[in-house]
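Chain by chain, the residues run as shown.
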Amino acid sequence: MSPAAADMLDPAHFANVLKPPLEAESLPAWCYTDPDFHRLEIERLFMKVWNFVGRDDLMPNPGDYLATDVASIPIILIRDKDGTARAFANSCRHRGTQLLTGEGNCKAIVCPYHGWAFDFDGALVSVPGMDETVGFDKDDHALIPLRLESWAGFLFVNFDAKAESLADYLGTLSDHIGSYNFPDMVTTRRKVWDVACNWKVYLENQRESYHVPIVHRESLGDQVATPLDQEGAWSGSLIPVEQTAGVMKDETTPFPPIKSLAGEALEGSHFLGLYPSTYFVATTDCFWWMEIKPRGPARIELVVGSGFPRETVARDDFESVVERYYRRWDTSHKEDNDICELQQAGLTSPLALPGRLARRERGVNAVDRWIVERMLAA
Ligand code: FES
Ligand SMILES: [Fe+2]
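Residues numbered from 1 in each chain as written. Chains lettered and ligands numbered in written order. Predicted model: local features only at pLDDT ≥ 70, side-chain atom pairs only at ≥ 80, totals over all residues.

Some points on the overall build of the protein chain
Then, in step 1: Scanning the protein chain from terminus to terminus reveals eight helices and 17 strands.
Then, in step 2: A compact globule built from 378 residues would reach a C-alpha radius of gyration of about 21 Å, and the protein chain, at 22 Å, matches this within 12%.
Then, in step 3: For the C-alpha atoms alone, the extent of the protein chain along its principal axes is close to 70 × 60 × 35 Å.
Then, in step 4: Within the protein chain, buried positions represent 40% of all 378 residues.
Then, in step 5: For the protein chain, long-range pairs separated by at least 24 residues make up 67% of all intrachain contacts whose partners lie at least 6 apart in sequence. (Helix = DSSP H or I, 4+ residues; strand = E, 2+ residues; numbered from the N terminus. Rg over C-alpha atoms; globule rule 2.2 N^0.38 Å. Buried ≥ 20, exposed ≤ 12 C-beta atoms within 10 Å, placed from the backbone. Contact = placed C-beta atoms within 7 Å.)

Quick notes on unusual backbone geometry
Then, in step 1: The peptide bond linking Tyr 275 to Pro 276 adopts the cis configuration, its omega dihedral lying at 5 degrees.
Then, in step 2: You will see that Ala 71, though not glycine, has its phi angle at about 50 degrees, which is positive.
Then, in step 3: Since 20 C-beta atoms lie within 10 Å of it, Ala 71 is described here as buried.
Then, in step 4: Residues other than glycine seldom take positive phi values, yet Asn 181 does so here, at roughly 55 degrees.
Then, in step 5: You can see Asn 181 is positioned in the loop between α3 (173–177) and β11 (185–195).

Topic: the domain arrangement of the protein chain
Then, in step 1: The domain architecture assigned to the protein chain consists of domain 1 (51–162) and domain 2 (172–377).
Then, in step 2: Taking only C-alpha atoms into account, the centre of domain 1 sits 30 Å from that of domain 2.
Then, in step 3: Taken residue by residue, the interface counts eleven residues in domain 1 and 14 residues in domain 2.
Then, in step 4: Ranked by residues supplied to the side of domain 1 that touches domain 2, first place goes to strand β1 (residues 51–55) with three residues.
Then, in step 5: Split by residue class, the side of domain 1 that touches domain 2 holds five nonpolar, three polar and three charged. (Domains from an automatic or database assignment. Nonpolar A, V, L, I, M, F, W, Y, C, P; charged D, E, K, R; others polar.)

Some details on helix α4 (residues 199–206)
Then, in step 1: Among the eight residues that make up α4, eight are buried, leaving the element largely enclosed by the rest of the structure.
Then, in step 2: Buried residues of α4: Trp 199, Lys 200, Val 201, Tyr 202, Leu 203, Glu 204, Asn 205 and Gln 206, and no others.

Considerations on the pairing of strand β2 (residues 64–70)
Then, in step 1: Sheet topology places β2 next to strand β5 (residues 103–105); three bridges connect them, and they run antiparallel. Looking at β5, one finds that Leu 66 is bridged to Glu 103.
Then, in step 2: Here β2 pairs with strand β3 (residues 73–79) via six bridges, running antiparallel. Within the sheet, the bridge partner assigned to Asp 69 lies in β3 and is Pro 74.
Then, in step 3: Between β2 and β3, which pair antiparallel one after the other, the connecting turn spans two residues, and Ala 71 there sits at a positive phi close to 50 degrees. (Pairing = 2+ DSSP bridges.)

Here's the deal with the sheet that holds β5
Then, in step 1: Strand order in the open sheet formed by seven strands is β1-β10-β9-β4-β3-β2-β5, and the pairing between neighbours is antiparallel. The outermost strands of the open sheet, each flanked by one partner alone, are β1 and β5. In this sheet, adjacent strand axes meet at a mean angle of 30 degrees when their direction is disregarded.
Then, in step 2: Bridge count for strand β9 (residues 145–151) against strand β10 (residues 154–158) is five bridges, and the pairing is antiparallel. Across the sheet, Leu 148 pairs through a bridge with Val 157, a residue of β10. (Axes fitted to C-alpha atoms, helices over the stretch in contact; angles between N-to-C directions.)

Section: the packing of α4 against helix α8 (residues 362–377)
Then, in step 1: Their axes nearest at 8 Å, the elements α4 and α8 cross at an angle of 140 degrees. The angle between α4 and α8 falls in the class oblique. Contact residues: Lys 200, Leu 203 and Glu 204 in α4; Val 364, Val 367 and Ile 371 in α8.
Then, in step 2: Taken together, the residues that form the contact of α4 with α8 break down as four nonpolar, no polar and two charged. (Parallel < 35°, antiparallel > 145°, perpendicular 65-115°, else oblique.)

Things to note about the sheet that holds strand β13 (residues 234–239)
Then, in step 1: An order of β11-β17-β16-β15-β14-β13-β12 is seen for the seven strands of this open sheet, with the pairing classed as antiparallel. Unpaired on one side and paired on the other, β11 and β12 (226–227) mark the two borders of the sheet.
Then, in step 2: As paired elements, β11 and strand β17 (residues 300–309) share ten bridges and run antiparallel to each other. Counted as the bridge partner of Met 185 is Pro 309 from β17.
Then, in step 3: On top of the sheet, helix α7 (residues 318–347) reaches β11, β16 (287–294) and β17; it is set at about 30 degrees to β11, its chief contact.
Then, in step 4: Helix-sheet contacts for α8 involve β12, β13 and β14 (269–274), and the interaxial angle to β13 is about 165 degrees.

Regarding α8
A turn of α-helix holds 3.6 residues, and therefore any two residues three or four places apart point the same way.
Then, in step 1: With 16 residues, α8 extends 22 Å between its outermost C-alpha atoms, agreeing within 8% with the 22 Å of an ideal straight helix rising 1.5 Å per residue.
Then, in step 2: Of the residues making up α8, those classed as buried are Arg 362, Gly 363, Val 364, Asn 365, Ala 366, Val 367, Asp 368 and Ile 371.
Then, in step 3: For α8, the secondary structure elements touched by its buried residues are α1 (35–46), α4, β12, β13 and β14. (Expected span 1.5 Å × (residues − 1).)

Observations regarding the nonpolar core
Then, in step 1: Among the nonpolar cores identified, the biggest contains 94 residues, and Ile 75, Ile 76, Leu 77, Phe 156, Tyr 202 and Phe 287 are the most heavily contacted of them.
Then, in step 2: Looking at which domains feed residues into this core, each of domain 1 (51–162) and domain 2 (172–377) gives three or more.
Then, in step 3: When neighbours within four sequence positions are excluded, Ile 76 is seen to be in contact with Tyr 65, Ala 67, Ala 87, Phe 88, Asn 90, Leu 99 and Leu 100. (Core = buried A, V, L, I, M, F, W, Y, C linked by C-beta atoms within 7 Å.)

See below:
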C-alpha cells in the first residue's frame, strides 16, 4: 500500500535501497504505480536534470522541427535560420494550445487554433485581431525558451535555469565512449513502442544482465557484463565481445568496425543508462538508444533509435543488410517489453514487496540509488 503523499519522501522507505548492492533491496512497489510518487519524480528528477530529447541530425535544415516531450511535458525542437537548434515549451502563448505535432519543416510556428505565428527564435511575429486588446504587446508573449545543450550530436533539454552544464552533468562519459565519433553517425531509424510499465522498470531491465540468458535465450544468448567505474549521471557496463552487439547471436558481423575506435571502445560494447530515462548502447559498428518516456506511472512510450557511420550508410548493401540489425532490435525489445509488462502487472498487486538483488543486478541498485538520492536531496 502507498504511504500518504506527504510521507512518500520519508527516508525510512528507502533505507534498504541505499545499502551496498548485495545487501540492498529494490524500491518499494508503490514507487512503480503511485500517481503521487510519479508527480514527485517529474518535479524532482525530470524537471531538474538534463534529459536526452533527440539527435541533432534529425533536423538538418532551418525550420526543421521535432515535437517531443520530457515526461509528457510537450516541447518543440527546431533549427533556426542561423543553424542553431533551439527548444521551446510546446504551448501557445495565447491560450496554451500545443503548436506543433510530429516532425517536419515549417516557415514559422503557427498555432492551429487562432493563427498566432512565432519565429524560430520564439518571437511572436503575427497576431490577427488583437488590435483592440488593451495594453497588449507582442514582445511580452514570446514562446517559453528551454535550455538546450548538445553532446556529440545528442540534444539534451533542462527546465532548471540553475542546473549545472550538460558537460558537468555527463561527467566522464566522453572518456568512455568519445572515440565512437557520434557526430559523424547518421540516425537511420526511430521505432516507437507503447509499453505498459513504469519507466524505472524499463531502465532497470536494461541495466541488468541477470535476465538475458532467460528472456533473450533464443535471440541474443547470454551476455556477461563488466561494470564500468562511474562518475556523473550515468552508470553502465562493458560487454567484452569482439563482434557487434547489433545483430542476433547466430549472425556474423555484417558491417565493418568504426574506424575511430580507441582505448576501452576496442575492448567491447558499452551499455549505459543515462539518467533519468535514456539507455544507450555503442558497439563496434553502430549505436542505438532508448528514450524511455513516461506516460503516467504505469506506461511508457519507448523510442528505439539507431545510427551508423556515414560511410556505412553510403554502402550499396546498407538497406538490405541493416534489416539484420533492425530484426535484432525489434526481437529483443519485444522480449524486454513483454517481460516489463509482466513485472508491472505483478508490482501493481497490493501484496508486492521489495526484492533482493543478484550479483548481475548491480545496475538496478545503481539506478535506484541515483533516483532516491536525487528525490531526497531536491
Ligand atoms: S491558442 Fe494559439 S492562437 Fe489561440
Ligand atoms: Fe533485455
